[in-house]
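# An overview of the molecular structure
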Amino acid sequence: MKNIKRLFFWIILCVLILPTHGLGQQSPQATFDQANELLNSGEYERAITHYQQLEKQKQWSGALFLNLGISYQRLDSLGKAKYYYLKASDFEETASKAQQALSYVNSQFSHQSAVLPKLPWDVATTWLQKNIGASTLLAAAIIVLNIGILLFIARWFIPWIPSYFRMGSFVVIGISLLIMATAFYTQYISDRYREAVMVTEEASIVENPQAETSLVSQAFEGYTFTVDHRRSGRHPNWSYVRMSNGLYGWIPTENILIL
Amino acid sequence: MKRIGSFFCVICSAFLLAGFLPLQAIGQSNVSVKSTVTQTTIYTGERIQLTVEISGDFNDVSRPELPNFQGFRLLSNTPSTSRSFRYVNGQSSTTYSYSYQLIAQQQGDFRIPPVTVTIDGEDYQTEPIDVSIVDRNDAAQSGGSQRPDIFLQLEVSDEQPITGQQIISDVVLYFQDGLEVNSYQPVPGWKAEGFWKEELENTQRPQATSTIIDGVRYRKARLLQFALFPTKSGELQISPYEIVVSVRSTRSRGDSFSSFFGGFGGNQRQVELKSDPVTLNVQSLPAAEDSYYFGAVGNYNISRDVSAQKATEGESIEIKTRINGTGNIPLITKPEYELPDGLEVYEPQENSQLNRRNHQISGNKTFTDVIIARKAGHYTIPEQKIAYFDPSQNRYVSQTLPALNFKVARNPNTVANGPSAGTMPVSPVTGLAAWTTPAPTDLLSHWWFWIGLLLPIGLLVVAYWQKRYTDRMSNDRAFARSQKAADTSNDRLKRAVELSEKGKVKEAYNMLQKAITGFIGDRLNLSEAGLSNKDYIQALEQQNIDAELIKNIRMLLDKCDSISYAPTTTPEYLKSHVGLAQSTLEKLKKVL
């Protein structure tokens, strides 16, 4: 009888707690739909608040970033709009729309930056990051490494395997190590250098991370930079950047959003 | 009597004129009463003139009620009077002057008390005036002054001002009797480093008054007047002021109140005069209790308003902040406001008007923030607390500016031409979205990486060990015999049991013996043939095997020898020996 009472108590408790938990955490799709309605009704700031709530919860999608970009664009905050369009372009389902939006928003900026072509090695690394990814490269390297090791071992125990299999196994293992090194290098580059978009109207790029120092260049809203996180880490509130025209300098971090 | 009659005529005329004025003008009362003396330092026995001047718009005025004068004697209770009337821009103004002659009687510092005047039934009082009376004989004995007969001096109103406080600097010319100043010309380029300076307007020509410095009578005249605002604290020096004066020597006329600018004549010369620098000890502002101070020092009235309560998207709205009063108006910066999101803010405009009269800088400054709302809605600029420093009270005076509200309506044209109407090629994505959670970017955090890396390494180690074993088994005969010894002996023991079950006891014991000796021979790599039981026992003894174990082995081998010649033995008996042999060989495996 006592056990039945205790069971009954726990069931009641679960019934009371579970719906509360369910209400407290709205599904990302529901929040997204709500934000879309606000966007359509012209309440851009409230829509942004809802979208950013999802962004903070790590519930990401191409549609989320695309709509965030559109919201900011309607608030005339073109730098932030560009930032989110760039994020949306990383998602297959919104890549095409994001590229169109980027072309449009880039034409709206008051200042356009000259673009210096990247070095071939940087192009290759960027291509690997965007199209394959470091994790995929690493997984491929692990598979190839295991194949190479198996080939090498097989030669010990299976006498009829030709002798060139041994050399072949060395080649396969070497390739796997090369792919693995490429994966780690790609990851290192991805972690150290990140793209950033300037979101304020105007800022100075200076030679040193100090308020009083020589001016390198003037930057304007929508300019893109490559941020060096390793160098920037030593100076809080400052970021060491490479401008798209090849110049290097420091910019107050508050002026940029890092992708 | 003549004067009194004239006075009444003026009064009557004033009343008549006042009757034509609008009632509003009559109602305004702007009356000032002040008293002045011709000199503030005089010798005993000398006269000074006390003048009470009443100016403004009034109807009835009484004769001044003179107080008792200490140190002076009033020559006559009947003053000499003068009056004037002005009517400018619809405003009438009357000025009365009553002049009295006083004779200095006692040596010392005295104060001429306030004089009371009743105007339109209301009493007004003048400010008291301090006057020094010097004994002529004492001054003559002091030996005279070391000062030149003409010199220039900068006189400041406060030598220990606070940063930003307005101080007045007078450029005063002193010259002795016998000199007449015809004109003066300031030398351009005077700088007051560390100060913001504004020249004050002086509509009157410089008036020379008499004074006595170190027993010598000088005449002094304020030529110019500047308002200075220290911009930093510490010891600041006002650099010397230079002027060129045109003077001429005159015969002593004994008239110390002659006109400051005399006529041209003989003995005229140009004199370049330079004042001494003046050092001020500028105090820093007291620490502000909060961050609302915006750089204003003085006495101000501050307000702000918004140009429109209603606007449409994209339409500009102005927030005007008006500051008027007395103080460092040119140095005031705009108070910062917290503006809500959605407002585009442009560079604020700044406009100021300075009034340089009345021996001080006053005026107003207006900051205009131009904002544009980019979306419709109700906007509220919250109330803002600001503070300025009042040197007269020696404290910060704070004031709260009220909140500003305005409404921005949607602009229909903006919607029609908005981004969704075609200029922007992309519309929002609605409906179901594919949600992902960003994967960890650290490669080393992938579990499969470690499995995939450690598995082939482990496999390689195991395979290598296996390969080495296989190679040794095939190449090292002694090792192979040793590794196979246990299996071989087990096979032989099974074979011995089988033979005994078939009744072949002799062969069975031979097999048992072979199992034991074979195991020992394989383990110790002894020759496979030609060895006696004794040889095997000796070999074991050389390996320091436990004596009990050797004893058991010896016993088993002896049994095998003896029983192979005694065919009556039963299979069960042999099985007991096989069991003993198995346990003995197990022990032997552990030590060999």
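What you see as residue numbers is a count from 1 along each chain, following the sequence as written. Chain labels run from A onward and ligand labels from 1 onward, assigned in the order the entries are written. Residues qualify for local features only when their pLDDT is at least 70, as the model is predicted, and side-chain atom pairs are given and counted only at 80 or more; totals for whole chains, interfaces and linings, by contrast, use all residues. As a rule here, side-chain values cover all heavy atoms of the structure and leave hydrogens and water aside.

## Some thoughts on the overall build of chain B
The test is simple: Put simply, DSSP marks the helices as runs of H or I at least four residues long and the strands as runs of E at least two long, and each gets a number from the N terminus on. Exposure is judged per residue with a 1.4 Å probe applied to protein chains only, and the accessible area is read against the type maximum: over 50% gives exposed, under 20% gives buried, and values in between give partly exposed. Contacts are assigned to residue pairs that have any heavy atoms within 4.5 Å of one another. Per-residue and other accessible areas were derived by the Shrake-Rupley procedure at a 1.4 Å probe size, with only the shown protein chains allowed to occlude residues.
Scanning chain B from terminus to terminus reveals ten helices and 30 strands. Out of the 592 residues belonging to chain B, those deemed buried represent 41%. Put simply, of all contacts in chain B between residues at least 6 apart along the chain, 73% involve residues at least 24 apart. Total accessible area on chain B stands at roughly 32,900 Å², and carbon and sulfur atoms take up 47% of it.

## Some points on the overall build of chain A
Helix and strand counts for chain A come out as ten helices and seven strands. Burial analysis of chain A (259 residues in total) assigns 41% to the buried set. When the accessible surface of chain A is totalled, it reaches about 14,500 Å², and 61% of it is carbon and sulfur.

## Examining the sheet that holds strand S7 (residues 108–112) of chain B
Residues and elements named next belong to chain B. The line we're drawing: Note on pairing: two strands pair once DSSP finds at least 2 bridges between them. Between N-to-C directions, angles cover 0 to 180 degrees, with each direction set by a line fitted to C-alpha atoms, over the stretch in contact for helices.
With mixed pairing, the three strands of this open sheet are ordered in space as S2-S10-S7. Every other strand in the sheet has two partners, leaving strand S2 (41–43) and S7 as the edge strands with one partner each. When strand polarity is set aside, the average angle formed by the axes of neighbouring strands in this sheet is 30 degrees. Here three bridges tie S2 to strand S10 (residues 129–134), and the two strands are oriented parallel to one another. Considered in S10, the bridge of Ile42 is made with Ile133.

## A look at the pairing of strand S25 (residues 349–355) of chain B
Residues and elements named next belong to chain B. Here S25 pairs with strand S26 (residues 362–373) via seven bridges, running antiparallel. Each residue of the ladder has a partner; that of Ser352, found in S26, is Lys365. Between S25 and S26, which pair antiparallel in sequence order, lie six residues; one of them, Asn358, sits at a positive phi of approximately 60 degrees.

## Regarding the confidence of the model for chain A
Low-pLDDT stretches of the model should not have their predicted coordinates read in fine detail. Counted only if it meets this: What pLDDT reports is the predictor's confidence in each residue, on a scale of 0 through 100.
In this model, chain A carries a mean pLDDT of 85, and residues with pLDDT of at least 70 account for 91%. Highest mean pLDDT in chain A belongs to helix H5 (residues 78–88) of chain A (93); lowest belongs to helix H1 (residues 2–24) of chain A (56).

## Comments concerning a negative patch on the surface
What counts here: Two joining distances apply to patches: 9 Å for like charges and 5 Å for nonpolar side chains (Val, Leu, Ile, Met, Phe, Trp, Tyr), and every residue must have over 30% relative accessible area and no salt bridge. The salt bridge definition used is simple: a Lys or Arg side-chain nitrogen within 4 Å of an Asp or Glu carboxyl oxygen. In this charge count, Lys and Arg are treated as positive and Asp and Glu as negative; neither His nor the chain ends contribute. For charged residues, the charge sits on one atom: NZ in Lys, CZ in Arg, CG in Asp, CD in Glu.
Together, Asp60, Glu65, Asp120, Glu122 and Asp123 of chain B give the surface a local cluster of negative charge. Following the sequence through the fold, Glu65 of chain B ends up in the loop between strand S3 (47–56) and strand S4 (72–74).

## Quick notes on the pattern of salt bridges
Residues and elements named next belong to chain A. For the coordinates displayed, the defined rule picks out 18 salt bridges over all chains. For Lys87, the salt bridge identified is with Glu55, shortest N-O distance 3.6 Å. With Lys87 in helix H5 and Glu55 in helix H3 (residues 44–56), this residue pair connects regions lying 32 residues apart in the sequence. Accessibility assignment for this pair places Lys87 and Glu55 in one class, buried.

## What about the interface of chain B and chain A?
Let me state the cut-off plainly: The buried area of a pairing is the accessible area, by a 1.4 Å probe, that goes missing from both parts when the two are put together, added over both. Any pair of N or O atoms that falls within 3.5 Å is considered a polar contact. Within protein, one atom must be able to donate a hydrogen and the other to accept it, and sequence-neighbouring residues count only if both atoms are side-chain atoms. Classification used: nonpolar for Ala, Val, Leu, Ile, Met, Phe, Trp, Tyr, Cys and Pro, charged for Asp, Glu, Lys and Arg, polar for all others including Gly.
Contacts between chain B and chain A engage 41 residues on the former and 49 residues on the latter. Taken as a group, Val429, Trp435 and Leu443 of chain B account for 19% of the area that chain B buries against chain A, more than any other trio of residues on that side. If you look at where chain B meets chain A, you find zero salt bridges. The interface formed by chain B and chain A includes seven residue pairs in polar contact (both at pLDDT 80 or more). For the side of chain B that touches chain A, the leading source of residues is helix H5 (residues 447–475) of chain B, giving twelve residues. When the residues that make up the side of chain B that touches chain A are grouped by side-chain class, the tally is 22 nonpolar, twelve polar and seven charged.

## Observations regarding the packing of helix H8 (residues 134–157) of chain A against helix H9 (residues 164–192) of chain A
Residues and elements named next belong to chain A. Rules: Here the angle decides the label: under 35 degrees means roughly parallel, over 145 means roughly antiparallel, 65 to 115 means roughly perpendicular, and every other value means oblique. It is the rotation of the near helix from the far one that decides the hand of a crossing: anticlockwise by less than a right angle makes it left-handed, clockwise makes it right-handed.
Two numbers describe how H8 lies on H9: the axes approach to 8 Å, and their chain directions differ by 160 degrees. The orientation of H8 with respect to H9, classified from their angle, is roughly antiparallel. Of the two elements, H8 crosses H9, and the hand of that crossing is left-handed. Here the residues of the contact of H8 with H9 are counted per class, giving 19 nonpolar, six polar and two charged.

## Some points on the UniProt feature "transmembrane region" (unreviewed entry) in chain A
All names here are of chain A. Stated formally: UniProt positions are given in the numbering used here, feature names are shortened, and annotations may be inferred rather than shown by experiment.
Here the UniProt-annotated "transmembrane region" (unreviewed entry) positions come out as residues 137–158 and 170–188. As annotated, residues 137–158 comprises 95% helix and 0% strand, and the C-alpha atoms at either end are separated by 31 Å. For residues 170–188, helix accounts for 100% and strand for 0%, while the C-alpha atoms at its two ends are 27 Å apart.

## A look at the sheet that holds strand S18 (residues 242–249) of chain B
Residues and elements named next belong to chain B. Taken together, three strands build an open sheet; the order of strands is S13-S18-S19 and the sheet is antiparallel. Looking along the sheet, the strands with just one partner apiece sit at the ends: strand S13 (179–186) and strand S19 (268–274). Adjacent strand axes in the sheet meet at a mean angle of 30 degrees, parallel and antiparallel pairs treated alike. In this sheet, S19 lies alongside S18 in antiparallel orientation, the contact comprising seven bridges.

## Side note on a nonpolar patch on the surface
A cluster of nonpolar residues, Leu444, Trp450, Leu454, Ile457 and Val461 of chain B, forms a patch on the protein surface that exposes about 490 Å² of accessible area. The topology assignment puts Leu444 of chain B in the loop between helix H4 (412–416) and H5.

## A closer look at the packing of helix H2 (residues 28–40) of chain A against H3 of chain A
All names here are of chain A. In the contact formed by H2 and H3, the axes pass within 8 Å of each other and the chain directions differ by 160 degrees. As the angle between them shows, H2 and H3 are arranged roughly antiparallel. Along this stretch, H2 crosses H3, giving a crossing that reads as left-handed. Contacts from Pro28, Thr31, Phe32, Gln34, Ala35, Asn36, Leu38 and Leu39 in H2 reach Tyr44, Arg46, Ala47, His50, Tyr51, Gln53 and Leu54 in H3.

## Structural notes on unusual backbone geometry
In most cases, non-glycine residues show a negative phi, while peptide bonds are predominantly trans. Its identity as a non-glycine residue notwithstanding, Lys58 of chain A has a phi of 65 degrees, on the positive side. Along the chain, the position of Lys58 of chain A falls in the loop between H3 and helix H4 (62–74). Using a relative accessible area of 43% as the deciding quantity, one classes Lys58 of chain A as partly exposed. The backbone of Asn525 of chain B sits at a positive phi, close to 50 degrees, despite the residue not being glycine. Tracing the sequence through the fold places Asn525 of chain B in the loop between helix H7 (505–523) and helix H8 (533–542). For Asn525 of chain B, a relative accessible area of 45% translates into the label partly exposed.

## Notes on H2 of chain A
All names here are of chain A. This is how it is decided: Multiply 1.5 Å by the residue count of a helix minus one, and that product is the helix's expected span.
Here H2 spans 18 Å end to end across 13 residues, near enough to the 18 Å set by a 1.5 Å rise per residue. Turning to H2, its buried residues number three or more, namely Gln29, Thr31, Phe32, Ala35, Asn36, Leu38 and Leu39. Against the buried residues of H2 lie H3 and H4. Following H2 by one or two positions, Gly42 has its phi on the positive side, about 85 degrees.

## Structural notes on the environment of Ala219 of chain A
Residue and element names in this part refer to chain A. Structurally, Ala219 is set in strand S3 (residues 215–220). The exposure class assigned to Ala219 is buried, which follows from its relative accessible area of 0%. Placed 16 residues apart in sequence, Ala219 and Ala203 show a C-alpha to C-alpha distance of 5.3 Å. Ignoring sequence-local partners within four residues, the contact set of Ala219 consists of Met198, Glu201, Glu202, Ala203, Ile205, Phe225 and Met243.

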